[in-house]
Amino acid sequence: MNEYVSLKRIAQIRYGLGQPPPLSEHGIPILRATNITRGKITERGLLHAKLEDLPLDRAPLLDEGEILVVRSGAYTGDSARITSKWAGSAPGYDLRVTPRSVDSQYLAHAFLSTGFQDQINLASSRAAQPHLNAEELGEVELWVPPLQEQLRITAFLDAETARIDQLNSLHRQVLAKLAERRQSLITAAVTGQIDVSTASGRGIDPT
């Protein structure tokens, strides 16, 4: 395979939970749109339910390698691959994609590409509120090279995105340090701890 194909040809697309189950303080995590951010699963606002309260016959627990796709709201089309950490979670209320004849990590990267997102925006913008159903998602076309090429692309993207994530983390640390320094400088100046007339040679002449 080395062509553009519709998603429904290479993956199964299903819905998650139809109705919210009774919630519990502990139990099975329910992964919702609020837990999906640019390809990653976050614990922000994470909900739980007891296993016996989940409709497993209609919405089985998630397997590693499946992908959740946000189906409505401002972040329609955002997605995240289920890692080993989140395998066994409940699929929430969005769309779940089970890869069949494509590498799951390659597919997860493809979901974050501009070409995929442009098609999602076109499909979901037909309604007043951005919304995506299984049929529309299934019609989205993706470039699917042979498996070995998929694996090479995936290895490259995994390495490069990890490097970029590390740089972003360092950048955030620098910004946090600068913000802390700024706050300390302001506090010192307004409490008389530094002489602003001579500090750094940029003092203000009171006369």
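Treat the numbers as computed from the prediction; the structure is a model and nothing was measured.

Conventions we followed
- Residues numbered from 1 in each chain as written.
- Predicted model: local features only at pLDDT ≥ 70, side-chain atom pairs only at ≥ 80, totals over all residues.
- Heavy atoms only, no water.
- Core = buried A, V, L, I, M, F, W, Y, C linked by side-chain atoms within 4.5 Å.
- Buried < 20%, exposed > 50% of the residue type's maximum accessible area, 1.4 Å probe, protein only.
- Helix = DSSP H or I, 4+ residues; strand = E, 2+ residues; numbered from the N terminus.
- Contact = heavy atoms within 4.5 Å.
- Polar contact = N/O pair within 3.5 Å; in protein donor to acceptor, adjacent residues only side chain to side chain.
- Phe/Tyr/Trp six-rings, centres within 6.5 Å; stacked < 30°, edge-to-face > 60°.

Undergrad: Help me understand the nonpolar core in this model?
TA: Proteins that are soluble and globular tend to have nonpolar side chains buried together. If you look at the biggest cluster of nonpolar residues, it comprises 24 residues, and the most contacted ones within it are Leu7, Val97, Leu107, Phe111 and Leu137. Ranked by residues supplied to this core, first place goes to helix α2 (residues 104-111) with five residues. Ignoring any residue separated from it by four or fewer positions in sequence, one finds Leu107 in contact with Leu7, Ile10, Ile67, Val97, Pro99, Val102 and Leu142. Counting residues in each nonpolar core, the second largest holds 10 residues, with Leu46, Leu62, Val70 and Ile82 among its members.

Undergrad: Even after reading the chapter, I still don't get the side chain of Glu66, so can you show me in this structure?
TA: Within the secondary structure, Glu66 is located in the loop between β6 (47-49) and β7 (67-69). Reaching out from Glu66, the side chain makes a polar contact with the side chain of Arg14 at a distance of 3.2 Å. Side-chain polar atoms of Glu66 contact the side chain of Thr98, separated by 2.4 Å. Excluding residues that lie within four positions of it along the chain, Glu66 makes contacts with Arg14, Leu61, Ala80, Arg81, Ile82, Arg96, Val97, Thr98 and Pro99.

Undergrad: Is there a simple way to explain the packing of aromatic side chains in this structure?
TA: Two descriptors summarise a pair of aromatic rings, namely the distance from one centre to the other and the angle between the planes of the rings. For the structure on display, the rule yields one aromatic pair. Note on Phe111 and Phe116: the rings are 4.5 Å apart at their centroids and 15° apart in plane angle, and the pair reads as stacked. Given the relative accessible area of 0%, Phe111 is considered buried. With relative accessibility at 1%, the residue Phe116 sits in the buried group.

Shape descriptors only; they carry no functional weight alone.
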